[in-house]
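# Coordinates in review
For reference, the chains in residue letters:
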Amino acid sequence: MSLTRQGTCLSRSQFGVLYRHAVPMGTTAKEEMNKFWAKNNKLNRPMSPHVTVYKWSVPMMMSISHRGTGLGLSAGVSAFALLALVLPGSYPYYLDLIHSQSFGPALIGLAKFGIAFPLSYHTFNGIRHLCWDSGKGFKIPEVYGSGYTVIVLTVLTTIAAVAYKGAA
């Protein structure tokens, strides 16, 4: 028997070459996993990577926060865009609706903080990452220094944004 496809003829004897060089597996993946976990348990090794293995540090927390703020900002922008597409009425209508609710200054300040903090943090930390992309700032003191700079700039920018009254 032979198979023909686009001018290539393969006979059964040629397939035998492929089978002859195949080596049967000695163990299954499940058996290998069981051996791996048995060895780790015997040596009393922790499951890794895991947060309990590492000492928490400022760069670690900032990395987690950068991902969290990015996710939150993306979700917020996506939700706002989706609502703008599906809700009836126009933007001025909903802006007037919010103004008519007469929210207190504490709630407005909290809403400003909820927008300003993740936006400013993610922006400043993104600039920090762009500096890293240029190959600068990787020494441990520089990593901590730039991290504290990002935190200070974020706090100052957030306070300024919350305190800003705007045109009333």
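It should be emphasised that the depicted structure is a prediction, and the values quoted were computed from it without experimental measurement.

Take the pattern of salt bridges next. Going through the model one piece at a time under the given rule, you end up with one salt bridge. Here K35 ties to E32 by a salt bridge, and the two come within 3.3 Å at their closest N and O atoms. With K35 and E32 both in helix 2 (residues 29-42) and three residues apart, this pair spans about one turn of that helix.

What follows is about the packing of helix 3 (residues 58-86) against helix 5 (residues 105-133). Running from N to C, helix 3 and helix 5 cross one another at 125°; their axes reach a closest spacing of 9 Å. The angle between helix 3 and helix 5 falls in the class oblique. In terms of crossing hand, the pair formed by helix 3 and helix 5 is left-handed. Contacts between helix 3 and helix 5 pair M62, S65, H66, T69, G70 and L73 from the former with P118, L119, Y121, H122, N125, G126, R128 and H129 from the latter. Looking at the contact of helix 3 with helix 5 residue by residue, the class counts come to five nonpolar, eight polar and one charged.

Moving on, we come to the packing of aromatic side chains. For the structure on display, the rule yields six aromatic pairs. Grouping aromatic residues by their ring pairs yields a cluster made of F113, F117 and Y121.

Angle between the axes and distance between the axes: these two values describe a pair of packed helices. Between helix 3 and helix 6 (residues 140-163), whose axes approach to 10 Å, the crossing angle comes to 50°. Viewed along their axes, helix 3 and helix 6 adopt a mutual orientation that is oblique. The element helix 3 and its partner helix 6 pack so that their crossing is left-handed. Every residue of helix 6 that contacts helix 3 at V58, P59 and M62 is listed here: V143, Y144, G147, Y148, V150 and I151. When grouped by side-chain class, the residues that make up the contact of helix 3 with helix 6 number eight nonpolar, one polar and no charged.

So, about the side chain of S120. The residue S120 is located in helix 5 in this model. Within the structure, the side chain of S120 is placed 2.8 Å from the backbone oxygen of A116, a separation counted as a polar contact. At 3.3 Å, the side chain of S120 and the backbone oxygen of F117 are in polar contact. With near-sequence residues (within four places) excluded, S120 lies in contact with T154, T157 and T158.

Moving on to a nonpolar patch on the surface. Together, I98, F103, L107, I108, L110, F113 and F117 line one region of the surface with nonpolar side chains, adding up to about 650 Å² of accessible area. In terms of residue count, helix 5 provides more of the nonpolar patch than any other element does, five residues in total. Of note, F103 is situated in the loop between helix 4 (91-100) and helix 5.

Summing up the model confidence of the protein, the mean pLDDT is 85 and the portion of residues at 70 or higher is 80%. Within the protein, no element has a lower average pLDDT than strand 1 (residues 2-5), which sits at 48, and none a higher one than helix 6, at 97. In this model, residues 1-5 is a region of pLDDT below 50 whose contacts with residues beyond four sequence positions or in other chains number ten contacts.

Here is what the cut-offs are and how they apply
- Residues numbered from 1 in each chain as written.
- Predicted model: local features only at pLDDT ≥ 70, side-chain atom pairs only at ≥ 80, totals over all residues.
- Heavy atoms only, no water.
- Salt bridge = Lys/Arg side-chain N within 4 Å of Asp/Glu carboxyl O.
- Helix = DSSP H or I, 4+ residues; strand = E, 2+ residues; numbered from the N terminus.
- Axes fitted to C-alpha atoms, helices over the stretch in contact; angles between N-to-C directions.
- Parallel < 35°, antiparallel > 145°, perpendicular 65-115°, else oblique.
- Left-handed = near helix turned anticlockwise from the far one by under 90°.
- Contact = heavy atoms within 4.5 Å.
- Nonpolar A, V, L, I, M, F, W, Y, C, P; charged D, E, K, R; others polar.
- Phe/Tyr/Trp six-rings, centres within 6.5 Å; stacked < 30°, edge-to-face > 60°.
- Polar contact = N/O pair within 3.5 Å; in protein donor to acceptor, adjacent residues only side chain to side chain.
- Patch = residues over 30% accessible without salt bridge, like charges linked within 9 Å, V, L, I, M, F, W, Y side chains within 5 Å.
- Areas by Shrake-Rupley, 256 points an atom, 1.4 Å probe, with all protein chains shown as cover.
- pLDDT = per-residue confidence, 0-100.

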